[in-house]
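Letter by letter, the chains look like this.
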Amino acid sequence: MSENNNNPDKKNRRDFLTVATTAVGVVGVGTAVWPVINQMNPDSSVKALASIEVDLSKIKEGQEITVLWRGKPVFIKRRTKEEITNAEKVDLKELKDPQPDNKRVKKSEWLVLVGVCTHLGCVPISGKGDYGGWFCPCHGSHYDSSGRIRKGPAPTNLEVPTYEFVGDSKIKLG
Amino acid sequence: MSGKDSDLNSNNIKPVHTNKVGGSPFKGVVGWIDNRLPIIRMFKYEYLDFQVPKNLSYLWSLGGILMICLIFLIVTGLVLGMHYKPSSTEAFISVEKIMRDVNYGWLLRYAHMNFASFFFIAVYIHIFRGLYYGSYKEPRQLMWLIGIVIFFMMMATAFLGYTLPWGQMSYWGATVITNLFSAVPLVGKAIVTWLWGDYSVGDSTLNRFYVLHWLLAFGILGVVIFHVIALHIVGSNNPSGIEPADTRDTVSFAPFTTSKDLFAMLIFLLAFVLITMYAPNYLGHPDNYIPADPLVTPAHIVPEWYFLPFYAILRSIPDKLLGVIAMVSSIAVLGLLPWLDLSKVRSSVFRPIWKQFVFLFVLDFFILMYVGGMPAEGIYVLIARVGTVYWFLFFLVIAPLVSLTEKTLPMPNSIHEYEDWKKQGRIKTFKIF
């Protein structure tokens, strides 16, 4: 240490060069590696198909359709009055992922869900399970008529995709 | 700086040998090559003259059998790759084409499929051998760890390969397994999208899985070479768990071990041929002959049989993140065993208590395998939970506890004495063990 103190100038210059070279090296390697990593993310052609329009006029009360959006099924259900009241009267304290029904719909008649189980990505089956909604056959998750997780290993409610009504009976997904 | 320069001028000069040609025990052309590339003498020292314990049982033939499996898998995979098309629209059709149109395509594909299964059969017996005879103990810990790395790589490769036919089980298996990464806090979803190259398992996913399947296959070959180099440094364990001391304890690898291994390989290949020829789809799932459909989940998704015990562990835990952690740790915990089992005695032959727990562990493995193939409901969930608890208890509690308290049986001083004791009936072992 005492030798370094005798010649502080030289020591500092070397330190600076080491740090500067390392920094440039790290940034350089990072810049070179990023394209190799980022190429695996969804490409432009995949992103271009990221939003679609769906016509709802032919769906009757109690019926459900499944559309393919971003390679995943989306459930669009026209709920019956009973299903709506059942979903609304649930005590939020009972829920694993508490969310009131009105936060999950834009119009209470229409429930729009990504049909992918939040556990490990299977497609839940409609009209099965203990809570009048969906049941995932893979690992036994039960969802209610608002698509909320009620029983089983799934950690969260079925996802509500980004959508908006573009007319009385038409929605735009994504 | 100046101090170092002056050292070179003083009496610190040493000769260097950048040219190491020579030293071969062979003459002529072979010697000429071996002097310049010493792989021929390495083969002689490590395979022909190599001394191994003379009491190795057939359980020690699994290493060679695994090597054969790996080579056959690479060869059949190479030729299948000449006909397969890794695209979501063509993959299923190209596999059907291999099965129906390509000359001997059916044989090559069935062989590749069933070799994967037999690879796992052999590796499970191989791991059991290590557990039962304490092959993970000093000085073989690193070999054991390398082995676990190989096992992880095998599982990844098998999973990626199973995706390629693009049937229903391929598609949904890939969906379930890639979704395991979404359990990672904060970045989980981004990781999964990155892995898929899409918002769901799709064309991009299949294409990269095909590339990674190839990469990992050769990666395994590389790590296997490390495993074998490490073996040739520490030497083989043996049923007595006693290190060989002199030539009364050993035989040379060729022709003794090679001929014994060859016989074991023939029996193994016979079983393989019987399955491949008479029940080629027995170890697979019929749903994989239905083309992948992203809108319909099969009523009951099951992975390949060799993943079932770990799948049961995953499902036994009601929390997603903890389930994933439990599944990965259930294999990684094997790596801690050399430091959890503190007994100085290697072989279970001399460990009456530990032996019982090892057999119970094997039973647990099969029970978990059974419930992993059953729906996740009712009694099966309970059995899976009990099985999972025992799995971790075995490593984390039973191993250290038993090793500290167990009274081991009296041991012979050498391998040749061990063989004498066996003849006198002083040691009870199974015939083939």
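Cut-off values and rules
Residues numbered from 1 in each chain as written. Chains lettered and ligands numbered in written order. Predicted model: local features only at pLDDT ≥ 70, side-chain atom pairs only at ≥ 80, totals over all residues. Heavy atoms only, no water. Helix = DSSP H or I, 4+ residues; strand = E, 2+ residues; numbered from the N terminus. Rg over C-alpha atoms; globule rule 2.2 N^0.38 Å. Buried < 20%, exposed > 50% of the residue type's maximum accessible area, 1.4 Å probe, protein only. Contact = heavy atoms within 4.5 Å. Areas by Shrake-Rupley, 256 points an atom, 1.4 Å probe, with all protein chains shown as cover. Lys, Arg positive; Asp, Glu negative; His and termini not counted. Charge placed at Lys NZ, Arg CZ, Asp CG, Glu CD. Axes fitted to C-alpha atoms, helices over the stretch in contact; angles between N-to-C directions. Parallel < 35°, antiparallel > 145°, perpendicular 65-115°, else oblique. Left-handed = near helix turned anticlockwise from the far one by under 90°. Nonpolar A, V, L, I, M, F, W, Y, C, P; charged D, E, K, R; others polar. Pairing = 2+ DSSP bridges. Salt bridge = Lys/Arg side-chain N within 4 Å of Asp/Glu carboxyl O. Buried area = accessible area lost by both parts, 1.4 Å probe. Polar contact = N/O pair within 3.5 Å; in protein donor to acceptor, adjacent residues only side chain to side chain. Domains from an automatic or database assignment.

Enquirer: Explain the overall build of chain A here, please?
Expert: Scanning chain A from terminus to terminus reveals four helices and 10 strands. In chain A, the succession of helices and strands from N to C terminus is α-α-α-β-β-β-α-β-β-β-β-β-β-β. In summary, chain A has a C-alpha radius of gyration of 27 Å against a globular reference of 16 Å for 174 residues, an excess of more than 25%. Projecting the C-alpha coordinates of chain A onto the three principal axes gives extents of approximately 85 × 40 × 30 Å. The proportion of buried residues among the 174 residues of chain A is 37%. The long-range share in chain A, meaning contacts at least 24 apart out of those at least 6 apart in sequence, stands at 52%. Total accessible area on chain A stands at roughly 10,100 Å², and carbon and sulfur atoms take up 54% of it. Here chain A holds 26 positive side-chain charges and 21 negative ones, and the gap between their average locations is 3 Å.

Enquirer: I would appreciate a short explanation of the overall build of chain B in the present structure.
Expert: Along its length, chain B carries 17 helices and two strands. For chain B, the residues scored as buried account for 49% of the 433 residues in total. Residue pairs at least 24 apart in sequence account for 78% of intrachain contacts in chain B once pairs closer than 6 positions are excluded. Entry remark: accessible area of chain B is about 21,900 Å², with carbon and sulfur atoms responsible for 71%. Within chain B, one finds 32 positive and 26 negative side-chain charges whose respective centroids are separated by 6 Å.

Enquirer: What's the story with the packing of helix α4 (residues 62-80) of chain B against helix α10 (residues 203-234) of chain B in this structure? I'm lost.
Expert: Helices that pack against each other are described as a pair by the angle of their axes relative to one another and the distance between those axes. All names here are of chain B. Contact geometry of α4 with α10 gives a least axis separation of 11 Å together with a crossing angle of 155°. With respect to α10, the element α4 is oriented roughly antiparallel. Of the two possible hands of crossing, α4 and α10 adopt the one that is left-handed. The segment α4 lies against α10, with Met67, Leu70, Ile74, Gly77 and Leu78 engaging Trp214, Ala217, Phe218, Ile220, Leu221 and Val224. Here the contact of α4 with α10 is composed, by residue class, of 10 nonpolar, one polar and no charged.

Enquirer: Explain the sheet that holds strand β10 (residues 170-173) of chain A here, please?
Expert: The strands making up a sheet associate through backbone hydrogen bonding, with each pair oriented either parallel or antiparallel. Residue and element names in this part refer to chain A. Spatially, β1-β10-β9 is the arrangement adopted by the three strands of the open sheet, whose pairing is antiparallel. Bordering the open sheet on either side are β1 (52-55) and β9 (163-165), each of which pairs with just one other strand. Taken pair by pair, the neighbouring strands of this sheet meet at an average axis angle of 25°, ignoring direction. Across three bridges, β9 lies against β10 in antiparallel orientation. Looking at β10, one finds that Tyr163 is bridged to Leu173.

Enquirer: I keep staring at the pattern of salt bridges and nothing clicks. Help me out?
Expert: Two side chains bearing opposite charge may form a pair once their charged atoms approach each other closely. Summed over the entire model, instances satisfying the criterion amount to 19 salt bridges over all chains. Residues A:Asp144 and A:Arg148 are paired through a salt bridge, measuring 3.2 Å at the closest nitrogen-oxygen approach. Neither A:Asp144 nor A:Arg148 differs from the other in exposure class; each is buried. Salt-bridge contacts for B:Asp341 lead to B:Arg351; the nearest nitrogen and oxygen are separated by 3.0 Å. Note that B:Asp341 is positioned in the loop between α14 (337-340) and α15 (352-372) and B:Arg351 in the loop between α14 and α15, a separation of 10 residues in sequence.

Enquirer: Explanation requested: the packing of helix α12 (residues 308-316) of chain B against helix α16 (residues 379-405) of chain B in the structure shown.
Expert: All names here are of chain B. At a minimum axis separation of 9 Å, α12 and α16 run at an interaxial angle of 110°. With respect to α16, the axis of α12 lies roughly perpendicular. Residues Phe310, Ala312, Ile313 and Ser316 of α12 lie in contact with α16, whose contacting residues are Ala384, Arg385, Thr388, Trp391 and Phe392. Residue composition of the contact of α12 with α16, grouped by class: six nonpolar, two polar and one charged.

Enquirer: How should I be thinking about the interface of chain A and chain B in this particular structure?
Expert: When the parts of a complex come together, some accessible area is lost, and that lost area is often used as the size of the interface. Listed by partner, the interface residues are 28 residues for chain A and 27 residues for chain B. Around 2,400 Å² of area is buried between chain A and chain B when both sides are counted, 62% of it from carbon and sulfur atoms. Contact with chain B buries area across many residues of chain A, yet A:Met40, A:Leu120 and A:His139 alone supply 27% of it, more than any other trio. The partner of A:Glu159 in a salt bridge is B:Lys189, with the nearest N and O atoms 3.3 Å apart. Linking chain A to chain B there are nine residue pairs in polar contact (both at pLDDT 80 or more). Among the secondary structure elements, those contributing two or more residues to the side of chain A that touches chain B are α3 (44-48), β2 (64-69) and β3 (72-78) of chain A.

Enquirer: Please explain the domain arrangement of chain B as it appears in this structure.
Expert: All names here are of chain B. Examined at the domain level, chain B breaks down into domain 1 (9-45), domain 2 (57-235 + 248-298) and domain 3 (302-348 + 361-414). Here domain 2 and domain 3 have C-alpha centroids that lie 22 Å from each other. Interface of domain 2 and domain 3: buried area, both sides summed, is about 2,900 Å²; carbon and sulfur atoms make up 72% of it. Summed over the three residues of domain 2 that lose the most area to domain 3, namely Tyr124, Lys137 and Leu180, the buried surface amounts to 19% of that side. Across the contact surface, domain 2 and domain 3 share one salt bridge.

Enquirer: I would appreciate a short explanation of the sheet that holds β2(A) in the present structure.
Expert: Residues and elements named next belong to chain A. Across the sheet, three strands lie side by side as β2-β3-β4; this open sheet has antiparallel pairing. Of all strands in the sheet, those bounded by a partner on one side alone are β2 and β4 (110-114). In this sheet, adjacent strand axes meet at a mean angle of 20° when their direction is disregarded. When β3 meets β4, the two strands line up antiparallel, connected through five bridges. Across the sheet, Lys77 pairs through a bridge with Leu111, a residue of β4.

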